[in-house]
Amino acid sequence: MGKAVSAGLAVAAVGVVLAVIQTKNPSFRIFPENDVPGLLTVLNADHALAEGVADDISKYSNAQDTADDEVQAMVNRYYNLATDFYEYGWGESFHFAHTKAGESHEASILRHEMRIIDELGIQEGHKVLDAGCGVGGPARAIAKASKAKVTGVTLNAYQVQRARYHTKNAGLTDLVNFVQGDYTKLTFEDASFDRAYAIESTCHSPDLTAAYSEIYRVLKPGGKFLAYEWIKASGYNGSAEHDAILREIEYGSGLPPMNSRDTALKAVAAAGFKVVIDNDLAQDTDNTTPWWNRLDISKMSYYMTHASVYVLETLRWAPRGTVLTHSMLLRAAWGLVDGGKSNCFTPMHLFVMEKPLE
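Remember, predicted model here, so these are calculated numbers, not experimental data. (Residues numbered from 1 in each chain as written. Predicted model: local features only at pLDDT ≥ 70, side-chain atom pairs only at ≥ 80, totals over all residues. Heavy atoms only, no water.)

**Student:** For this particular structure, what's the right way to read the environment of proline 257?
**Tutor:** Position of proline 257 relative to the elements: it lies in the loop between α9 (240-253) and α10 (261-271). Separated by 52 residues in sequence, proline 257 and serine 205 have C-alpha atoms that sit 9.8 Å apart. (Helix = DSSP H or I, 4+ residues; strand = E, 2+ residues; numbered from the N terminus.)

Here is the structure:
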């Protein structure tokens, strides 16, 4: 009885902490809202999905720069848990956005996605590839607005499951579908798509040229590809401070070493694309809110959430590995804020490329 009472009091204490967090920051929710998980939903994740994650994270810091299949498998398992945290804190579109002053998070995210339609000239009937689709928020928004048929590809099976769930609920299964796969080794035939895009996803590839080359292969001649890239920004100066910031972003996000603009342009050329647009949207700061602003909240809020995660994992409500996953996400968040404030990093360098007509 004593243990049961102690556990009950611990859960009650966590509930109080979560209530305080929700009051302080509207992005934090205790319970689900409109199919977006609340924190308790996230922490009650499928324990089978989390199998091996804690051991993986413990090994990851020593193998982070390795591009072998096992490291990629580690990162994939990490996203079994991280995906729900992303939905919980960010919504169905796992990306940043150029944000106008006074513009809501949701409006800026949607405008960032609608830019893809405009820049690529996506039209009804076009076949469009989303390379690294997450749970499919952008794919659904683009398909709904343009009536194009969008195919999303992600390595993570759980993300495919979530993407299909949201798409069915949105009534868009006739326009949007998802497959589990590697965008550097696509199973589609040559020249299968009219347009393609990658929103903050090709940074996960240890070989950017391989990613761009495979997307080039499946595009029709004259087709266009848009990428919002995570790269070193124009303020990067090679200092130990900047390198440490980038290291935190890489570690917390499960990334290989960060590319530079020059590296990205070399990959564009090696794949065979012609550059149409090369522009870091983060440098447009006139009458805008910084892209990292949503992450720049009180560290106390982060610590309170982390304490709650720790208690619930200890009580075995949350699966083993949840605390370590949340720790990685915290390091990513703080690194991203520092990267934005110092302008050594950007998550929205816009490249638009075109496959030449044969």
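So, next bit.
**Student:** What should I look at first to understand the packing of aromatic side chains in this one?
**Tutor:** Per the counting criterion, the structure on display carries 9 aromatic pairs. Consider the rings of tryptophan 90 and phenylalanine 96, whose centres lie 5.3 Å apart with planes at 75°: the pair is edge-to-face. With 5.0 Å between their ring centres and 85° between their planes, phenylalanine 188 and phenylalanine 193 make a pair best called edge-to-face. By relative accessible area, phenylalanine 193 is classed as buried at 4%. (Phe/Tyr/Trp six-rings, centres within 6.5 Å; stacked < 30°, edge-to-face > 60°. Buried < 20%, exposed > 50% of the residue type's maximum accessible area, 1.4 Å probe, protein only.)

**Student:** In this structure, what is going on with the side chain of aspartate 194? I would like to understand it.
**Tutor:** Inspection of the secondary structure assignment puts aspartate 194 in strand β5 (residues 193-199). Among the polar contacts listed, one links the side chain of aspartate 194 to the side chain of lysine 220, at a separation of 3.1 Å. (Polar contact = N/O pair within 3.5 Å; in protein donor to acceptor, adjacent residues only side chain to side chain.)

**Student:** Can you help me understand the packing of helix α5 (residues 105-120) against helix α6 (residues 137-146) in this one?
**Tutor:** Helix packing geometry: the angle between the two helix axes and the distance between the axes. The geometry of α5 relative to α6 is characterised by a closest axis approach of 10 Å and an angle of 60° between their N-to-C directions. Taken as axis vectors, α5 and α6 run oblique relative to one another. As for how α5 packs across α6, the hand of that crossing is right-handed. Packed against α5, whose contacting residues are Leu110, Glu113, Met114, Ile116 and Ile117, the element α6 presents Gly137, Pro138, Ala141, Ile142, Ala145 and Ser146 at the interface. Residues of the contact of α5 with α6, tallied by class, amount to 8 nonpolar, 2 polar and 1 charged. (Axes fitted to C-alpha atoms, helices over the stretch in contact; angles between N-to-C directions. Parallel < 35°, antiparallel > 145°, perpendicular 65-115°, else oblique. Left-handed = near helix turned anticlockwise from the far one by under 90°. Contact = heavy atoms within 4.5 Å. Nonpolar A, V, L, I, M, F, W, Y, C, P; charged D, E, K, R; others polar.)

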